[in-house]
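# Remarks on the overall topology
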Amino acid sequence: MPTPSYLDKAVELRSGIIMPVLEGDGLEVLAFALDVEPDIVGATGFCLNDEERRRAAGLRLERDRRRFVVARGQLRRVLASRLRIAPSVVEFEYGALGKPQLSHRMPARDLRFSVSQSKDVAVVALSTAQEVGVDIEAVVPVPEADEIATLCFSASEYGSYTGLGPEGRLEGFFRCWTQLEAVSKALGCGLGQPISWDEEDWLVRRFVPRSGYIGSVVIRNWRSRDVTTH
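Residues numbered from 1 in each chain as written. Predicted model: local features only at pLDDT ≥ 70, side-chain atom pairs only at ≥ 80, totals over all residues. Heavy atoms only, no water.

Moving on, we come to the sheet that holds strand β2 (residues 27-33). On the basis of which strands lie adjacent, the open sheet formed by 4 strands has the order β1-β2-β6-β5 and antiparallel pairing. Two strands bound the open sheet, and with one partner strand each, they are β1 (19-24) and β5 (111-118). Direction aside, neighbouring strands of the sheet carry axes that sit 15° apart on average. Of the strands in this sheet, β2, β5 and β6 (121-128) touch helix α3 (residues 62-83), which is tilted by about 155° from β5. (Pairing = 2+ DSSP bridges. Helix = DSSP H or I, 4+ residues; strand = E, 2+ residues; numbered from the N terminus. Axes fitted to C-alpha atoms, helices over the stretch in contact; angles between N-to-C directions. Contact = heavy atoms within 4.5 Å.)

What follows is the structure, encoded as structure tokens:
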């Protein structure tokens, strides 16, 4: 009997609706669709500031402009609901490598967040006090997956990956890849930057924001024991 795929645990996203896809362990992950009706794009993007509108206008493809507006507008909505302020009032600051965080002028500045999008799906991860990182990817064939795994995965990750059969190899690749991306985001650096991290220092949760996608979200595990869920 074949092992059920982790991708079977899908959430049905509805246009314009922010849906919870994971809660617990001090984490909350919310997902939403980016390809929505024009009236929803307009309503969602109403709260953007001038700089965000310039960024959207600078994108070459209309689809990408629309997705940027929805992603940024929904992020503002999520944060504003937690801060109990209007979405247009939310202010951001950026780290040296561009990691966004709430401005020091915002109430409850210990609210940490991370954002990821892949194709027409986006997620926002929230945590209080601890740095958080999230990544989602559409599960599509990656011809160079073995080469990427050799270069990027830890010894334990690589061993787990190569131990999978052909039917589970693609999903296994994205499980490891999204975890790496999520940790990089939590640390405030990109995968192109050298990072040093111990798997036991992180609490890792995985989720499926929509059928055909896989995601990982991480926060610091101050208990220093392996609580990774599979």
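Applying the stated criterion across every chain, the model contains 15 salt bridges. When salt bridges that share partners are traced, they join D35, E62, R66 and R67 into one network. (Salt bridge = Lys/Arg side-chain N within 4 Å of Asp/Glu carboxyl O.)

Bringing the packing of aromatic side chains into the picture now. One pass over the full model with this rule turns up 6 aromatic pairs. Between F153 and Y161, the ring centres sit 5.8 Å apart and the planes meet at 90°, which makes this aromatic pair edge-to-face. Accessibility classification places F153 together with Y161 in one group, the buried group. Each member of the aromatic cluster is reached from another via a ring pair, and the members are F153, Y161, F173, F174 and W177. Lying over the aromatic face of F92, R72 brings its terminal NZ or CZ to 4.6 Å of the ring centre. (Phe/Tyr/Trp six-rings, centres within 6.5 Å; stacked < 30°, edge-to-face > 60°. Buried < 20%, exposed > 50% of the residue type's maximum accessible area, 1.4 Å probe, protein only. Lys NZ or Arg CZ within 6 Å of the ring centre and 35° of its normal.)

Of all 7 residues in strand β7 (residues 132-138), 7 are buried, a share of seventy percent or more. Of the two faces of β7, both are covered, the one formed by V132, V134, I136 and A138 as well as the one formed by G133, D135 and E137.

Mapped onto the elements of the fold, R206 is located in strand β8 (residues 202-207). Although R206 lies buried, it forms no salt bridge, and the closest oppositely charged side chain, E157, sits 6.3 Å away as judged by the N-O distance. Polar contacts involving the side chain of R206 include one to the side chain of Q179, which spans 2.5 Å. (Lys, Arg positive; Asp, Glu negative; His and termini not counted. Polar contact = N/O pair within 3.5 Å; in protein donor to acceptor, adjacent residues only side chain to side chain.)

A few words on unusual backbone geometry. Notably, D25 is not glycine yet its phi reads approximately 60°, a positive angle. Here D25 shows up in the loop between β1 and β2. A positive phi angle is found at R84, which is not glycine, with a value near 60°. Residue placement: R84 occurs in the loop between α3 and β3 (92-94).

Okay, the layout of surface pockets next. Roughly 310 Å³ of volume is contained in the second largest pocket. Along the walls of the second largest pocket sit 13 residues, with R55, F68, R72, V115 and Q117 positioned nearest its centre. Looking at the lining of the second largest pocket, the elements that each hand over two or more residues are α3 and β5. The element best represented in the lining of the second largest pocket is α3, accounting for 6 residues. When grouped by side-chain class, the residues that make up the lining of the second largest pocket number 7 nonpolar, 2 polar and 4 charged. (1 Å grid on protein atoms, 1.4 Å probe; cavity = no way out; pocket = protein on both sides within 12 Å on 5 of 7 lines; lining within 4 Å. Points joined across faces, edges and corners; volume = space filled by probe spheres on them. Nonpolar A, V, L, I, M, F, W, Y, C, P; charged D, E, K, R; others polar.)

All right, on to the packing of helix α2 (residues 50-57) against α3 then. At their nearest, the axes of α2 and α3 sit 8 Å apart, and the two run at 155° to each other. The orientation of α2 with respect to α3, classified from their angle, is roughly antiparallel. The segment α2 lies against α3, with E52, R55, A56 and A57 engaging R65, F68, V69, R72 and R76. Within the contact of α2 with α3, the residues separate by chemical class into 4 nonpolar, no polar and 5 charged. (Parallel < 35°, antiparallel > 145°, perpendicular 65-115°, else oblique.)

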